[in-house]
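# A structural walkthrough
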Amino acid sequence: PRVDLTAGSVRRSVLRLAGPAVGATLLQGLFNVVDTFWVGRGLGPTALAGVSTAGFTVWMMLSMAQLAPVGLTAVASRRHGERKPDEAAVAVYRAYWLAVGLSVVLGLLGLFALTPLFRLMATPADVTVQGSAYLAVYLAGAPIVFTYFVMEAAFRSSGDTRTPLILLAVSLGLNTILDPLLILGIGPFPKMGIQGAALATLLTRAFGCFVGYRWMVQRGLVRRSLPSLRPILQMAWIGLPVAAGGALFSFVYIILTRFTSQFGTGALAALGVGHKVESLSYMVCIGFGLAAATAVGQNLGAGSKERAILSGRVATGYAVALTGVVGLAFLLIPAQLMSIFTADPDVIAAGTSYLRIVAVAQVFMALEIVLQMAMEGAGYSLIPWIPSSVLTLLRLPLAPLLIRPLGLAGIWWTISGTAVARGLAALWIWRRGRWVDRVV
C-alpha cells in the first residue's frame, strides 16, 4: 500500500502517509510506556526510578540507531522519486550492513560503560542496581533494535507506512502480554523483575524484524549486493548529525538527571515519567516528520522543489495543531496524567509541575522536529544540527543557575525555554531554503 507523493493533492498525500506513521510512532512510544506502567505498579518507586534513569541511556542508543535509517530515507526516497526502485533496494541492503556494524560496537561500549554512566547521574545505590539490570539486557539486544529501524525506513521510503504500523501493532500487543509475565513471573514464566521488561521488548522487536524482512524480500524492497564502502559512508554522513544530535540530547538529560537527583528519588522518577508522558507530543511530531522527510525526498527526486516545500509546510501545520492540544492537556490535567503511572504523591507533585511548565514548548517541539526531519529527507542534516546542539548544551549551565532561585522547577524551565528556542532556530533555517538544492 504505497502512496505516490509526487502527484495529486499534497495535503491528502501527506495525511495518507502521516496517519500510519503517527500511529506507528505512538505505538513505538508505548513500548516504554508499557514497561514503565508494569514496573511502576508491580515493582515500586525504586524500580521505576531505575527504568526511568536507564531510559535516557536507551534514548541515546536509539538516537544513534537513527544514523542508518535517516541516511537510508534520504537516499532511497530520492531513488523512488526518480523511479529507480532497484537502486533503492540496494541502498536498503547497505543500510542493514551499516546498522549491524554500528549496533555491535555501541552495544559493547555501552555494556562496558554501565557503571560510569550511573555514577555520572549520581543515582542512589538501589536505583543504580535496578537501572543497570534493565540497561544490560537492552544493550545486549542492540542489533535487533538497530535493524528494526532500518526495516521501517525501507517501507517508508517507498511510500508505505501501513506495513510498519501493522508490524508494530502486533509487536506491541505481544509486548503487553509478555511484560507482566516476565516482570512478575506469572504462571510458568520466571520472575525476572526489571530485566523482564527489557527482554519482552527485545523479543517482540525480533519478531517484527523477522517478518518485516521477509515481506521486504517478497515486495522487492531489498536486494542483496556486495558491500560498497562509498555509498554506505554517504548514508552514514547524512545520518551522523541527526544521530549525534540525539545522542548529545540524551547525554545532556543524563547530566540533568544528576542535577535532579539532589531532590530525591521522587524527583528522579518524575523526570522519567514526565518525559514519557511528553513523548506523546514527541511521537506525533516524529510521525509527521517521517512523512515530511519521505515527501521531500521523493519530490526532489522527481524535480518538484515547490511541491517538496509545500509538503514540509503541510506536515508541520498538522503537527503544530495536534501538539497544541497535547499542551493544553498538560495544563489542565497534569496530575491525572502522572497518576496513570504511579500512585506516589511525591512523584505526582513533581511531575505535575514538569508537565505544566513544558506545556507551551510542545508547539515549538513540532516546529523543530518536523522541519528538521523534512530537511533531512533532502539530505540537508548538518546545518540544522548546529543551533539545535548549541541550545541543548546551553541547558547544562542554565539548569544550576535556575535551581538556586526556583529549586526543582528551575530544571523544568531550562528544558522548556531551550525547546522553544530550538523550534524558532529550525524555522529560520527552513525559511532560508538552502536545503532545497542539496544533491544526494
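Residues numbered from 1 in each chain as written. Predicted model: local features only at pLDDT ≥ 70, side-chain atom pairs only at ≥ 80, totals over all residues. Heavy atoms only, no water.

### Focus on the layout of surface pockets
By volume, the largest pocket is sized at about 210 Å³. Around the largest pocket, the lining residues are L26, G29, L30, V33, K276, V277, S279, L280, M283, L337, I340 and F341. Those elements giving two or more residues to the lining of the largest pocket turn out to be α1 (10-43) and α11 (265-301). Looking at the lining of the largest pocket, its residues break down into nine nonpolar, two polar and one charged. Within this model, the second largest pocket holds a volume of roughly 180 Å³. Surrounding the second largest pocket, T57, M60, M61, M64, L106, L109, G110, A113, L117, L139 and A247 form its lining. Mapped by element, the contributors of at least two residues to the lining of the second largest pocket are α2 (45-65) and α4 (85-112). In terms of residue class, the lining of the second largest pocket is built from nine nonpolar, two polar and no charged. (1 Å grid on protein atoms, 1.4 Å probe; cavity = no way out; pocket = protein on both sides within 12 Å on 5 of 7 lines; lining within 4 Å. Points joined across faces, edges and corners; volume = space filled by probe spheres on them. Helix = DSSP H or I, 4+ residues; strand = E, 2+ residues; numbered from the N terminus. Nonpolar A, V, L, I, M, F, W, Y, C, P; charged D, E, K, R; others polar.)

### Re the side chain of R156
Inspection of the secondary structure puts R156 in helix α7 (residues 142-157). Buried R156, no salt bridge; nearest opposite-charge side chain is E152, N-O distance 4.4 Å. Not counting the four nearest positions on each side in its chain, R156 is found in contact with T73, T161, L290 and T294. (Buried < 20%, exposed > 50% of the residue type's maximum accessible area, 1.4 Å probe, protein only. Lys, Arg positive; Asp, Glu negative; His and termini not counted. Salt bridge = Lys/Arg side-chain N within 4 Å of Asp/Glu carboxyl O. Contact = heavy atoms within 4.5 Å.)

### Brief notes about unusual backbone geometry
Of note in the backbone geometry, R83 takes a positive phi value of approximately 60° without being a glycine. Note that R83 resides in the loop between α3 (67-81) and α4. You can call R83 exposed: its relative accessible area is 53%.

### Some points on empty space enclosed by the protein
It is the rolling of a water-molecule-sized probe over the atoms that shows where space remains empty. In total, this model carries three cavities of 30 Å³ or more according to the counting rule given. Taken as a whole, the second largest cavity encloses approximately 90 Å³ of empty space. Looking at the second largest cavity, the residues that line it are Q66, P69, V70, T73, R156, L290, A293, M373, E376 and G377. Put simply, the parts of the chain that give the lining of the second largest cavity at least two residues each are α3, α11 and α15 (361-377).

### Some words on a nonpolar patch on the surface
A contiguous nonpolar surface patch, about 540 Å² in accessible area, is contributed by W237, L240, L382, I383, I386 and V390. Going through the elements one at a time, α10 (229-261) and α16 (382-393) are the ones with two or more residues in the nonpolar patch. A total of four residues in the nonpolar patch trace back to one element, the largest contributor, which is α16. Along the chain, I386 falls in helix α16. Since its relative accessible area comes to 41%, I386 is described here as partly exposed. (Patch = residues over 30% accessible without salt bridge, like charges linked within 9 Å, V, L, I, M, F, W, Y side chains within 5 Å. Areas by Shrake-Rupley, 256 points an atom, 1.4 Å probe, with all protein chains shown as cover.)

### Description of the pattern of salt bridges
Applying the stated criterion to the full structure yields six salt bridges. Here E82 ties to K84 by a salt bridge, and the two come within 3.9 Å at their closest N and O atoms. Of the residues examined, K84 reaches a relative accessible area of 37% and is grouped as partly exposed. D160 is the partner of R219 in a salt bridge, and the nearest nitrogen-oxygen pair spans 3.2 Å. On the criterion of sequence distance, the pair formed by R219 in helix α9 (residues 194-219) and D160 in the loop between α7 and α8 (162-184) is long-range, its members being 59 residues apart. Ionic contacts of the salt-bridge type, sharing partners, join the residues R79, E82 and K84 into one network.

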